[in-house]
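Breakdown of the fold
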Amino acid sequence: MTQAVESVRNYVAGKWQDSAASEHTRVWNPATGEQLGTVPVSPASEVDAAVQAAAKALPGWRRVPAGDRVDFLFRLRDSLKKNFEDLARTVTIECGKTLAESRGELQRAIENVEVACGTPSLIQGYNSEDIASGIDEIMIRQPVGVCAIIAPFNFPAMIPFWFLPYAIACGNTVVLKPSERVPLTMQKVFALLDAIGLPPGVVNMVNGGRATVEALLDHPGVRAVSFVGSSAAARLVYSRAAATGKRVQCQGGAKNPVVILPDADFVTASDIVADSAFGCAGQRCLAASVAIAVGDAANPFTEAIAQRAASRVTGFGLDDGVQMGPVIAPDSKARVEALVAKAVSSGASLVVDGRNPNIPNYASGSFVRPTVLKDLPFASEITRTEIFGPVLSVHHVNTIDDAIAFVNSGEYGNMACLFTSNGSSARKFRYEAEVGNVGINVGVAAPMAFFPFSGSRGSFFGDLHAQGRDAIEFFTQEKVAVERWPKDWSRKF
Ligand code: NAD
């Protein structure tokens, strides 16, 4: 059945609006190649209207007690649960991941709403009595103002929720810009936000790409920017937003190594690494893409991972039994396959070749099957570049120190994992790996909503991360008051 093509709309001041943009981009189902929608590249004037609406709503919203603000989040949580399957299917249709993966991401989104429901406690400040005779000092947390949220394509439901529930629970108002490649999930989420009765202007959404983001970054009315995307864009967003005095948090790209020690259980390790490298078609910022086998681990691990790569069922994520979907678009498929071809021409051996697969009934989909390479130098492009596809290169070193030296030598610092049965090796790795998220016998070390989603070096720009207490700190301005209330004003101070 052919899907109707949807015109994506903006949501400003509590109303749906058709953009007057002169330029539009298209949304595709990456498995079938069918067009799903058109997205406006909202111009600066529409960004301005959204920021103005958010600014207008701010004074009233910040005065709503935190306990009443989170009432809206309790309603939102119920509504997300009621609409769970519809939202999960939308994620699969526009983003390509399997239905189980979409359900998983939606569950993570809901968990962030639940953590933000604790804002009345989390937002508390602290105080000291008698810092000098008769003088008290208190620290209170106040909202920052209008906050912009800019999201990537690979988690259309979850990533906006790393920020939005915390921002509004802390008394801020929001302008969200979803990824122009997967805007349909947020069309549905905003319909739910609309129905929970938030005051107009508390949440707003503008659609578009780079130009729309730049209008947000340059807008003097935006006080804070939360960004998730590639490191190249994260760097630009960080410096441009900071140049106008905004507070900024930018989560960037990744190149995640997993290290397998000879004392690891290879069956478990290869199952877990296969899920990390090939799950979501490798399009996770926590996807393993370099496996470093230490000592005698090399042969058994390579054999086990090759078997799992070759047997992974690839297809349209809504079909039963499918374990991996397509990459997001034809240009991504071409990029991934070109990187593999380049590696092979520079001497790599193809253990499993997933290029140009035949996926019955989905000839127009952007499919790349799991691919495993070996015999590559550490300095090669595919070992250093974020691939964002289901490709794993396997390397061999002699010691855990060699492996950690490789982990710490890359540009990125999002995640690194170790597989071992030795506690002392695990501790050494956790201590020495210069990354934001560490996994021990875990292949996707995704922090729960009550922990920061960390990242370091070229994977993160800023100081406070997404989720949990970091989000509360990011979305509040600390104010310190020093107070004297003498009984006797005639006394000399
Ligand atoms: P992207 O950088 O192309 O786009 C992200 C967002 O930024 C989109 O909304 C896009 O419209 C906008 N954008 C793109 N280029 C821009 C520019 N030059 N200036 C301003 N805005 C710009 O990223 P993507 O392809 O949508 O997402 C995949 C990337 O996101 C990967 O690199 C992945 O590792 C990263 N990611 C990181 C995390 C993390 O927590 N570190 C999480 C998810 C995804």
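Residues numbered from 1 in each chain as written. Predicted model: local features only at pLDDT ≥ 70, side-chain atom pairs only at ≥ 80, totals over all residues. Heavy atoms only, no water.

Attention now goes to the domain arrangement of the chain. Here the chain is described as being made up of domain 1 (6–252 + 459–480) and domain 2 (256–440). Domain 1 and domain 2 are separated by 31 Å when their C-alpha centres are compared. With 23 residues of domain 1 in contact, the opposing surface of domain 2 contributes 26 residues. Around 1,900 Å² of area is buried between domain 1 and domain 2 when both sides are counted, 62% of it from carbon and sulfur atoms. If you sort the residues of domain 1 by the area they bury against domain 2, P30, A31 and S459 come out on top, with a joint share of 26%. Linking domain 1 with domain 2 are one salt bridge. In this structure, R235 engages E411 in a salt bridge whose closest nitrogen and oxygen atoms are separated by 3.6 Å. At the boundary of domain 1 with domain 2, the tally comes to seven residue pairs in polar contact (both at pLDDT 80 or more). The set of elements that each furnish at least two residues to the side of domain 1 that touches domain 2 consists of α3 (84–95), α4 (99–116) and α10 (231–243). Across the side of domain 1 that touches domain 2, the residue classes break down as eight nonpolar, nine polar and six charged. (Domains from an automatic or database assignment. Contact = heavy atoms within 4.5 Å. Buried area = accessible area lost by both parts, 1.4 Å probe. Salt bridge = Lys/Arg side-chain N within 4 Å of Asp/Glu carboxyl O. Polar contact = N/O pair within 3.5 Å; in protein donor to acceptor, adjacent residues only side chain to side chain. Helix = DSSP H or I, 4+ residues; strand = E, 2+ residues; numbered from the N terminus. Nonpolar A, V, L, I, M, F, W, Y, C, P; charged D, E, K, R; others polar.)

In contact at an axis separation of 9 Å, helix α11 (residues 266–278) and helix α12 (residues 298–311) are set at 50° when each is read in the N-to-C sense. Classified by the angle their axes make, α11 and α12 are oblique. Helix-helix and strand crossings are classified by hand; for α11 and α12 the assignment is right-handed. Across the interface between the two elements, F266, V267, A269, S270, D271, V273, A274 and F278 of α11 pack against P300, F301, A304, I305, R308 and A309 of α12. When the residues that make up the contact of α11 with α12 are grouped by side-chain class, the tally is 11 nonpolar, one polar and two charged. (Axes fitted to C-alpha atoms, helices over the stretch in contact; angles between N-to-C directions. Parallel < 35°, antiparallel > 145°, perpendicular 65-115°, else oblique. Left-handed = near helix turned anticlockwise from the far one by under 90°.)

This part is about the site of the ligand. Near the ligand, the surroundings consist of 30 residues, among which A151, E180, S230, G252 and E386 are the closest. A distance of 3.0 Å separates an oxygen atom of the ligand from a polar atom in the side chain of R181. Notes on the ligand: free accessible area 840 Å², of which the protein chains cover 90%. Of all elements in the fold, only α9 (210–218), β11 (222–228) and α10 reach the threshold of two or more residues within the shell around the ligand. Considering each element in turn, the shell around the ligand owes the most residues, three residues, to α10. Split by residue class, the shell around the ligand holds 16 nonpolar, nine polar and five charged. (Near = heavy atom within 4 Å. Areas by Shrake-Rupley, 256 points an atom, 1.4 Å probe, with all protein chains shown as cover.)

With that out of the way, let us pick up a nonpolar patch on the surface. A contiguous nonpolar patch, built from I131, V480 and V482 and spanning about 260 Å² of accessible area, is present on the exposed surface. With respect to the secondary-structure elements, I131 resides in strand β6 (residues 126–132). (Patch = residues over 30% accessible without salt bridge, like charges linked within 9 Å, V, L, I, M, F, W, Y side chains within 5 Å.)

This brings us to the pattern of salt bridges. Scanning the model with the defined rule gives 19 salt bridges in all. Residues K333 and E337 are paired through a salt bridge, measuring 3.0 Å at the closest nitrogen-oxygen approach. Note that K333 and E337 are positioned in helix α13 (residues 330–345) at a spacing of four residues, about one turn of the helix. An identical accessibility class is assigned to K333 and E337; each is buried. A salt bridge links D353 to R355; the shortest N-O distance between them is 2.9 Å. The partly exposed category is assigned to D353, whose relative accessible area is 41%. Here the residues in one salt-bridge network are R210, E214, D218 and R240, joined through shared partners. (Buried < 20%, exposed > 50% of the residue type's maximum accessible area, 1.4 Å probe, protein only.)

Let us now look at the packing of aromatic side chains. For the structure on display, the rule yields 12 aromatic pairs. Residues Y11 and F190 carry aromatic rings whose centres are separated by 5.6 Å and whose planes lie at 65° to one another, so their mutual orientation is edge-to-face. Residue Y11 is found in strand β2 (residues 10–12), and its partner F190 is found in helix α8 (residues 184–195); the two are separated by 179 residues along the sequence. Residue classification places Y11 among the buried positions, given a relative accessible area of 5%. Overall, F190 belongs to the buried group, its relative accessible area being 0%. An aromatic cluster of at least three residues, connected via ring pairs, comprises Y11, W16 and F190. Between the NZ or CZ atom of K97 and the centre of the ring of F155, over which it lies, the distance is 3.7 Å. (Phe/Tyr/Trp six-rings, centres within 6.5 Å; stacked < 30°, edge-to-face > 60°. Lys NZ or Arg CZ within 6 Å of the ring centre and 35° of its normal.)

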